[in-house]
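Structural overview
Each chain, written out:
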Amino acid sequence: MHGEPDFKLKQPWQTIKAFNRRMVWKHGEYLDLKPIAQLRASIMKNLALFLNNPIGWDAEKINRKKQNVCLDRLKQEITTELLVFIQKSLIENKKDDWDHGVELYGTGSTGERARLIYEIMSDCAPEITIAHSQAFKDEIIKIIETSINRCSERARSQALDFRK
């Protein structure tokens, strides 16, 4: 998965089944299984270097304090948009898969459910080096661009424009 978000499926069968059920209920987590939060944190960590060192600042026009205000707003906006994207990708778009996982029972169902969950997670957070990841990367870029535009509009209204 993207950025190794440390999602572990080495859990008792009851925990895996309960987690699957919580995903059907749109809770997004169960006990220490928190894929939405882990993926969002992983992506934000990977974006931190990029976000903390933006190109295009006009140093004469904006002081460091205003830069920090703008960057904090941008990070908040990106985090909010990422949460929406991840929830939609992981829960809403995979509803049929989560439903199928809950319906599994009997011998071998735990392994099958764990495999299904792993596939869902891998599909929603692909390795960046595989071809399937381009749509994922494009969505992250779109989130960043949308967030920059929203923050820029707010900044202009407050004379804090940070996009040139």
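Preceding block: the structure.
Residues numbered from 1 in each chain as written. Predicted model: local features only at pLDDT ≥ 70, side-chain atom pairs only at ≥ 80, totals over all residues. Heavy atoms only, no water.

A word on the environment of T80. Relative to the helices and strands, T80 resides in helix α3 (residues 64–92). In the structure, T80 is positioned 63 residues away from I143 in sequence and 9.6 Å away in space, judged by C-alpha atoms. (Helix = DSSP H or I, 4+ residues; strand = E, 2+ residues; numbered from the N terminus.)

Pairs of packed helices are described in terms of their axes, by the angle between the two and the distance that separates them. Orientation of helix α2 (residues 35–52) relative to α3, taken along the N-to-C sense of each, is 145°, at an axis distance of 10 Å. Judged by the twist between their axes, the crossing of α2 over α3 is right-handed. Here P35, I36, L39, R40, I43, M44, L47, L51 and N52 of α2 come into contact with α3, specifically with L71, L74, K75, I78, T79, L82, L83, I86, Q87, L90 and I91. For the contact of α2 with α3, the class distribution of residues is 15 nonpolar, three polar and two charged. (Axes fitted to C-alpha atoms, helices over the stretch in contact; angles between N-to-C directions. Left-handed = near helix turned anticlockwise from the far one by under 90°. Contact = heavy atoms within 4.5 Å. Nonpolar A, V, L, I, M, F, W, Y, C, P; charged D, E, K, R; others polar.)

Moving on, we get to the environment of E77. As for its placement among the helices and strands, E77 is situated in helix α3. Linking E77 and I144, residues 67 residues apart in sequence, is a C-alpha distance of 8.6 Å. Those residues within four positions of E77 in sequence are excluded, and the remaining contacts are S147, R150, C151 and R154.

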